[in-house]
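Chain and residue survey
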Amino acid sequence: MGAFKEAHGGALKELYLAPEAAEAEKARARDYASWDLTARQLCDIELLLNGAFSPLEGFLGKADADSVIADMRLQDGTLWPMPVTLDVSEAFAEGLKEGDAIALRDAEGVLVATMDVSDIWAPDKRAEAAGVFGTTDETHPGVHYLLHEAGPVYLGGRLKGVEPPTHYDFKHLRHSPAQVRQLFQQWGWRRVVAFQTRNPMHRAHHDLTFRAAREAEANLLIHPVVGMTKPGDVDHFTRVRCYEHILEQYPIQTTALSLLPLAMRMAGPREALWHAIIRKNYGCTHFIVGRDHAGPGGGADGEPFYGPYDAQELITAHAEELDITMVPFRHMVYVQDRAQFLPADEVAEGESVLTISGTEFRRRLREGLEIEDWFSYPAVIEELRRSHPSLHLRGFTVFFTGLSGSGKSTIANALMVKLMEMGGRRVTLLDGDIVRKNLSSELGFSKEHRDLNILRIGFVASEIAKHGGISVCAPIAPYASTRRKVRDMVEGSGAGFLEVYVSTPLEICEERDRKGLYAKARAGLIKEFTGISDPYEVPERAEITIDTQDLTPDLAAHKIILTLERMGYIR
Ligand code: PPS
């Protein structure tokens, strides 16, 4: 057994208490200050407790975190590239002192672990971003998370594990490092290549991984990340169903699939090193590192954050210390004449190669276009098409904004009728007045209340669109940042968003004054009236601007329909 452990990743540090001790800790924790773990922290704690982050024994304290940020090493010199810290709010930290114990719970209040707090500090997040990500550019998702989502105070300390975080999905594919090692032992797998991925797998990935396993004379573990990946990635439910199809393509008994609930940071080379150490803890002997491993793509200037082979170089530089061997992979292309995928540098001159970029693949999915068999497997494509139907089958939101009396409601009504005439999808009208009556009857017109009103509209609209329906919204929505949040909500649900600015000038709206509100506002009888005594921020990136002085409601609605057709939402 000892020899086996040496060959499969060395000592594992599991941080769970024995059952009796866990019960006693649960009782004690009732008196502890309690922190509800965020989604990212739940991923981190699961991997801390089950030993995937061995040799860590808890969230890092300040000295270790600083040392990791500066040198990729814990204070004792151990190679560890990623600061795994517990970020909390100022309010929570205020009530704590070093030496206190705290309870760490999931969103439902279940106690996952307790922590003996050894360090409390306010980190320098910009320095952390520069150290870990090599940039403070906020378009980097890891930097954005650090600066805008992570709490302002860090806590460090040893963990006592009480209960693993609960998962209700794909239970048969979730294993701790000890369980994976046990399976390898049971199957007699002495050499195992791990493949990390956060994307659906296609033929190129299949061929690449199989080649890697063959070259290393090893078995293969497909080990996809199902914790947190880059925002906008294909959701893990869809991906795992795809991986299950891919698994059938490997020779029987050669390949296994297990899910890794890791929260990725998209830190490129550093992250690749981290991934390798984690896979070593799972008992793998080899680890595939491809092109731009764990890179988030381009930054504000369009340039990629990391060089395509930086990750491979960093791992090579630490090869001596790593207890796992890298299998480097270069870009794979399909060689038409040989009907197989090959690393690009092995293709002979004159041979014709085929490639489909990620962007082109997503375009074909979006537009329902053909994806050839050489690229992927029909079962995988079908799975992706099921959860990412082409645009004309998806829901969308048309969001009107403009002054009171600008004509939003009239055009919205005309549009709704035209969309109903076309059929196929249900249409819901969320006009300002309808919403204020049914969803927001207690709200007034302060900035706070207007924002709340618009966010409620956004929430309902995104739910409708997510389920394939059409929502037509027509509030004033005077604030750009709130409109932006609605756009993000709808687009984040995979649906389409079309902002229509009804630009009728204030003088015309006031002249029309259908409801007599402008007169009242001028007389001071209505306070905070948009355009008169309250601001309206003109949209800068609306897809359509309509001036009702030039267009009838019928023509305005028609113009919107044409734009929806051009965008692909209507066929
Ligand atoms: S907001 O700012 O988006 O929340 O406004 P909205 O929900 O669209 O509601 C606007 C309708 O309420 C009437 N109304 C006012 N509008 C602006 N400012 C003040 N103070 C105000 N008080 C009442 C007005 O009739 C708006 O309807 P529309 O259809 O836009 O004319």
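Residues numbered from 1 in each chain as written. Predicted model: local features only at pLDDT ≥ 70, side-chain atom pairs only at ≥ 80, totals over all residues. Heavy atoms only, no water.

A look at the overall build of the protein chain
As a reminder, the rule being used: Each helix is a run of DSSP H or I of at least 4 residues and each strand a run of E of at least 2, with the numbering of both proceeding from the N terminus. Per-residue accessibility, obtained with a 1.4 Å probe over protein chains only, is compared with the maximum for each type, and a residue is labelled buried under 20%, exposed over 50%, and partly exposed between these values. The contact criterion used is simple: two residues touch if any of their non-hydrogen atoms lie within 4.5 Å. Surface exposure here means Shrake-Rupley accessible area, sampled with a 1.4 Å probe, where a residue is shielded only by the protein chains that are shown. Charged residues are defined here as Lys and Arg on the positive side and Asp and Glu on the negative side; His and the ends of the chain fall outside this count. To locate a charge, take atom NZ for lysine, CZ for arginine, CG for aspartate or CD for glutamate.
The number of helices and strands found in the protein chain is 21 helices and 19 strands. Considered along the principal axes of its C-alpha atoms, the protein chain spans approximately 85 × 70 × 40 Å. Out of the 571 residues in the protein chain, the part that is buried amounts to 53%. Sequence-distant contacts, at least 24 apart, represent 72% of the contacts inside the protein chain between residues at least 6 apart. With the model as given, the accessible surface of the protein chain reaches about 25,900 Å², and the carbon-plus-sulfur share is 51%. Each charge class in the protein chain can be summarised by its mean position, and for the 64 positive and 81 negative side chains these summaries are 4 Å apart.

Considerations on the nonpolar core
To keep it simple, the criterion reads: Working definition of a nonpolar core: buried Ala, Val, Leu, Ile, Met, Phe, Trp, Tyr and Cys residues. They are joined through side-chain atoms within 4.5 Å. In this entry, domain limits derive from an automatic or database-based domain assignment.
Phe-53, Trp-80, Leu-86, Leu-104 and Leu-159 are the most contacted members of the largest nonpolar core, which totals 75 residues. Top element by residues in this core is helix α11 (residues 269-281). It accounts for six residues. Shared between two domains, this core takes at least three residues from each, and those domains are domain 1 (3-161) and domain 2 (171-387). In contact with Leu-86, not counting residues within four places along its chain, are Trp-35, Leu-37, Gln-41, Phe-59, Ile-102, Leu-104, Met-115, Val-153, Tyr-154 and Leu-155. Among the nonpolar cores identified, the runner-up in size contains 38 residues, and Ala-216, Ile-222, Val-226 and Val-380 belong to it.

Things to note about the packing of helix α15 (residues 408-422) against helix α21 (residues 553-567)
Counted only if it meets this: Comment: axis = line fitted to C-alpha atoms, over the contacting stretch for helices; angle = value between 0 and 180 degrees taken between N-to-C directions. Each angle gets one of four labels, with under 35 degrees taken as roughly parallel, over 145 as roughly antiparallel, 65 to 115 as roughly perpendicular, and the rest as oblique. Whether a crossing is left-handed or right-handed is set by the direction in which the near helix is turned from the far one by less than a right angle, anticlockwise for left-handed and clockwise for right-handed.
For the pair α15 and α21, interaxial distance at closest approach is 8 Å and the crossing angle is 55 degrees. As the angle between them shows, α15 and α21 are arranged oblique. Where α15 crosses over α21, the handedness of that crossing is right-handed. For the pair α15 and α21, contact is made by Thr-410, Ile-411, Ala-414, Leu-415, Lys-418, Leu-419 and Met-422 and by Pro-553, Asp-554, Ala-556, Ala-557, His-558, Ile-560, Ile-561, Leu-564 and Glu-565, respectively.

Details of helix α2 (residues 19-29)
For clarity, the cut-off: Relevant arc is that of directions from the helix axis to the C-beta atoms, nothing else.
Buried within α2 we find Ala-22, Glu-25 and Ala-29. The arc that holds every buried residue of α2, seen down its axis, measures 60 degrees, which confines them to one face. Close packing links the buried residues of α2 with β4 (101-105), β5 (111-121) and β6 (153-161).

Digging into the domain arrangement of the protein chain
As far as domains go, the protein chain holds domain 1 (3-161), domain 2 (171-387) and domain 3 (391-567). Computed over C-alpha atoms, the centres of domain 2 and domain 3 are 44 Å apart.

A look at the site of the ligand
To keep things clear, this is the line we draw: Whether a residue is near a molecule or strand is decided by its heavy atoms; if any one of them lies within 4 Å of it, the residue is near. Identification of polar contacts relies on pairs of N or O atoms within 3.5 Å, with a donor-acceptor requirement for protein atoms, meaning one able to donate a hydrogen and the other able to accept it, and with residues adjacent in sequence counted only if both atoms are side-chain atoms. Ten residue types, Ala, Val, Leu, Ile, Met, Phe, Trp, Tyr, Cys and Pro, are classed as nonpolar, four, Asp, Glu, Lys and Arg, as charged, and the remainder, Gly among them, as polar.
Around the ligand sit 22 residues in total, of which Ser-404, Arg-436, Arg-450, Ala-477 and Glu-528 are the nearest. In the environment of the ligand, an oxygen atom lies 3.0 Å from a nitrogen or oxygen atom belonging to the side chain of Lys-408. Here the ligand loses 93% of its free accessible area of 620 Å² to cover by the protein chains. Those elements giving two or more residues to the shell around the ligand turn out to be α15, α16 (432-438) and α17 (447-466). Across the shell around the ligand, the residue classes tally to nine nonpolar, six polar and seven charged.

Notes on the environment of Leu-262
Inspection of the secondary structure puts Leu-262 in the loop between β9 (255-257) and α11. Leave out the neighbours within four places in its chain, and Leu-262 touches Cys-43, Leu-47, Phe-53, Val-225, Gly-227, Met-228, Glu-271, Trp-274, His-275 and Ile-278.

Quick notes on α15
Helical geometry: 3.6 residues make up each α-helical turn, so side chains three or four residues apart lie on a common side. Using the following cut-off: Here the expected length of a helix is defined as 1.5 Å per residue gap, with one fewer gap than residues.
The terminal C-alpha atoms of α15 lie 21 Å apart, and with 15 residues this matches the ideal 21 Å at 1.5 Å per residue to within 8%. Among all positions of α15, only Lys-408, Ile-411, Ala-412, Ala-414, Leu-415, Met-416 and Leu-419 are buried. On its buried side, α15 packs onto β15 (396-401), β16 (427-431), β17 (470-474), β18 (496-502), β19 (544-546) and α21. After α15 finishes, the residue Gly-423 shows a positive phi value of roughly 75 degrees.

Notes on the pattern of salt bridges
Spelled out, the test is: The salt bridge criterion pairs a side-chain nitrogen of Lys or Arg with a carboxyl oxygen of Asp or Glu, the two atoms within 4 Å.
One pass over the full model with this rule turns up 34 salt bridges. Here Arg-364 and Glu-372 are joined by a salt bridge, their closest N and O atoms 2.9 Å apart. On the basis of relative accessibility, which here comes to 17%, the residue Arg-364 falls in the buried class. Take Glu-372: its relative accessible area is 29%, and that puts it in the partly exposed class. Beyond isolated ion pairs, a larger network of salt bridges with shared partners links Glu-360, Arg-363, Arg-364, Glu-367 and Glu-372.

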